[in-house]
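Examining the three-dimensional arrangement
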Amino acid sequence: LVVAFIATSLPRDVVALEPSAVMLAQRPPGAAPAVRGRAEALPFAARAFDAVLGVLTLHHWGDRAAGLAECARVARARVVLLTWDPDADAFWLVRDYLPAFAALDRRQFPPLSAYAAAFGPGARVEIAAVPVPRDCVDGFLGAYWARPAAYLDPAVQAGISSFAHPGAAPGLARLRADLASGAWQARYGHLLAREALDVGYRLVVADVAGGIH
């Protein structure tokens, strides 16, 4: 997982944070500089960056409150996080076929109310829904809501950490059978007319200039 830290200059400089040596070794030539470390103990000085960016990463942190406080510590202006709302309704994949995924995510993702507390009383936090477009090219869990057969593709599964959860096979077998029989189409075919779907992803933007440093 990568958390990017953005320092304002022209052009802007980006430093990535990555805890895994294996993932660091796989970074392509020309990628932004990367530092090995963990969100809970960022190896940077206070207020070192104008902004901190994290994309679907909090559920991998061992101590989410500490990680959020660290993000606020090293940011001069704001912290931007793409996360998931554990109070959101699960979409069809995790509701009907892989409910263990939703149960795990609800334990791992902080409630939306946690962000203001983590960033301190001086921070201003805004939260907005991020509907996922039907042709989303990124590979996170909700990206393929309009392409159900993609969830049966081992290459797609390999790029989604949720599929490391044991016990997914029976649910995927049901999905395969429902796609073959037309049952999925009968229940959810109406979704295919939509351009985007809200499956619980949220953008958290925290102005931390007056918060923790």
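Everything below is about the structure shown above.
Everything quoted here is computed from the prediction, not taken from an experiment.

1. Thoughts on the environment of Arg194
Tracing the backbone through its elements, the reader meets Arg194 in the loop between α8 (183-188) and β8 (196-197). Exposure remark for Arg194: the relative accessible area of 40% places this residue in the partly exposed category. Once the C-alpha coordinates of Arg194 and Ala32 are considered, the two residues, 162 residues apart in sequence, prove to be 36 Å apart. What Arg194 contacts, discounting residues up to four positions off in sequence, is Arg134 and Trp145.

2. Describing unusual backbone geometry
The phi angle at Arg47 is positive, at roughly 60°, despite the residue not being glycine. Its location among the elements puts Arg47 in the loop between β3 (34-36) and β4 (49-55). Among the residues examined, Arg47 registers a relative accessible area of 40% and is labelled partly exposed. At Leu56, a residue that is not glycine, the phi angle is positive and equals roughly 45°. Inspection of the secondary structure assignment puts Leu56 in the loop between β4 and α2 (64-74). The class for Leu56 is buried, based on a relative accessible area of 17%.

3. Here's the deal with α2
Turning to α2, its buried residues number three or more, namely Gly67, Leu68, Glu70, Cys71, Ala72, Arg73 and Val74. Capping the start of α2 is the job of one residue whose side-chain oxygen sits 3.4 Å from the backbone nitrogen of Ala65: Asp63.

4. Topic: the layout of surface pockets
Of the volumes computed, that of the largest pocket is approximately 580 Å³. Lining the largest pocket we find 28 residues, and of these Leu56, His59, Phe140, Leu141 and Ser161 sit closest to its centre. Its residues assigned to classes, the lining of the largest pocket comprises 17 nonpolar, eight polar and three charged.

5. Comments concerning helix α4 (residues 99-108)
When we look at burial in α4, the residues that qualify are Phe101, Ala102 and Asp105. The buried residues of α4 occupy an angular sector of 95° when the element is viewed end-on, so they sit on one face. Contact partners of the buried residues in α4: β5 (75-84) and α3 (92-97).

6. Digging into the packing of aromatic side chains
Summed over all chains, the structure comprises 12 aromatic pairs. Through successive ring pairs, a cluster of aromatic residues spans Phe91, Trp92, Tyr97, Tyr144, Tyr151, Trp184 and Tyr188.

7. A closer look at the pairing of strand β9 (residues 201-207)
Of the pairings in the sheet, the one linking β5 to β9 comprises seven bridges and is antiparallel in character. Within the sheet, the bridge partner assigned to Val79 lies in β9 and is Ala206. For strand β6 (residues 124-129) and β9, the ladder comprises six bridges, and the chain directions are antiparallel. Paired with Val125 across the strands is Ala206, a residue of β9.

The rules we used
Residues numbered from 1 in each chain as written. Predicted model: local features only at pLDDT ≥ 70, side-chain atom pairs only at ≥ 80, totals over all residues. Heavy atoms only, no water. Helix = DSSP H or I, 4+ residues; strand = E, 2+ residues; numbered from the N terminus. Buried < 20%, exposed > 50% of the residue type's maximum accessible area, 1.4 Å probe, protein only. Contact = heavy atoms within 4.5 Å. Polar contact = N/O pair within 3.5 Å; in protein donor to acceptor, adjacent residues only side chain to side chain. 1 Å grid on protein atoms, 1.4 Å probe; cavity = no way out; pocket = protein on both sides within 12 Å on 5 of 7 lines; lining within 4 Å. Points joined across faces, edges and corners; volume = space filled by probe spheres on them. Nonpolar A, V, L, I, M, F, W, Y, C, P; charged D, E, K, R; others polar. Arc of directions from axis to C-beta. Phe/Tyr/Trp six-rings, centres within 6.5 Å; stacked < 30°, edge-to-face > 60°. Pairing = 2+ DSSP bridges.

Structural measurements only, silent on function.
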